[in-house]
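Observations on the model geometry
Here is what each chain is made of, one letter per residue.
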Amino acid sequence: MTVSLPLVFVLGVIAWAAIKFLGVRLWVAVVIALFGFFLSHTFLAPAIESGTRSGVGVVNGTHK
């Protein structure tokens, strides 16, 4: 069974849980999210994308 969820939704749930249960402050979560957006526009973007795709493949069981 494959479940399709938007990545933004999944990250939002993780951020909410971190704020609620781990005591992470809201501004820290915002700074981490902004850093991720800035990082995606650097030379590291292809490596991040391939790592993300590999991770999703492992989770879905489609990774060879």
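In this text the structure is predicted, and so the values were computed from the model without any measurement.

The rules behind these values
- Residues numbered from 1 in each chain as written.
- Predicted model: local features only at pLDDT ≥ 70, side-chain atom pairs only at ≥ 80, totals over all residues.
- Heavy atoms only, no water.
- Phe/Tyr/Trp six-rings, centres within 6.5 Å; stacked < 30°, edge-to-face > 60°.
- Helix = DSSP H or I, 4+ residues; strand = E, 2+ residues; numbered from the N terminus.
- Expected span 1.5 Å × (residues − 1).
- Salt bridge = Lys/Arg side-chain N within 4 Å of Asp/Glu carboxyl O.
- Buried < 20%, exposed > 50% of the residue type's maximum accessible area, 1.4 Å probe, protein only.

**Some remarks on the packing of aromatic side chains**
Scanning all chains against the criterion turns up 1 aromatic pair. Seen from their ring centres, Trp16 and Phe21 are 5.7 Å apart, and the 85° between their planes marks the pair as edge-to-face.

**Describing helix 3 (residues 45-60)**
Over its 16 residues, helix 3 runs 22 Å from end to end, which matches the ideal 22 Å to within 8%, given 1.5 Å per residue. Once helix 3 finishes, Gly61 follows within two positions and takes phi at roughly 80°, a positive value.

**Some thoughts on helix 1 (residues 7-21)**
A rise of 1.5 Å per residue sets the reference length of helix 1, with its 15 residues, at 21 Å; its end C-alpha atoms lie 21 Å apart and thus fit the reference within 8%. At the C-terminal side of helix 1, Gly23 shows a positive phi close to 80°.

**Topic: the pattern of salt bridges**
Across all of its chains, the model carries 1 salt bridge by this definition. Between Glu49 and Arg53 there is a salt bridge, and its shortest N-O distance comes to 3.1 Å. Placement of both Glu49 and Arg53 in helix 3 is noted, with a separation of 4 residues, approximately one turn of the helix. Exposure remark for Glu49: the relative accessible area of 43% places this residue in the partly exposed category.

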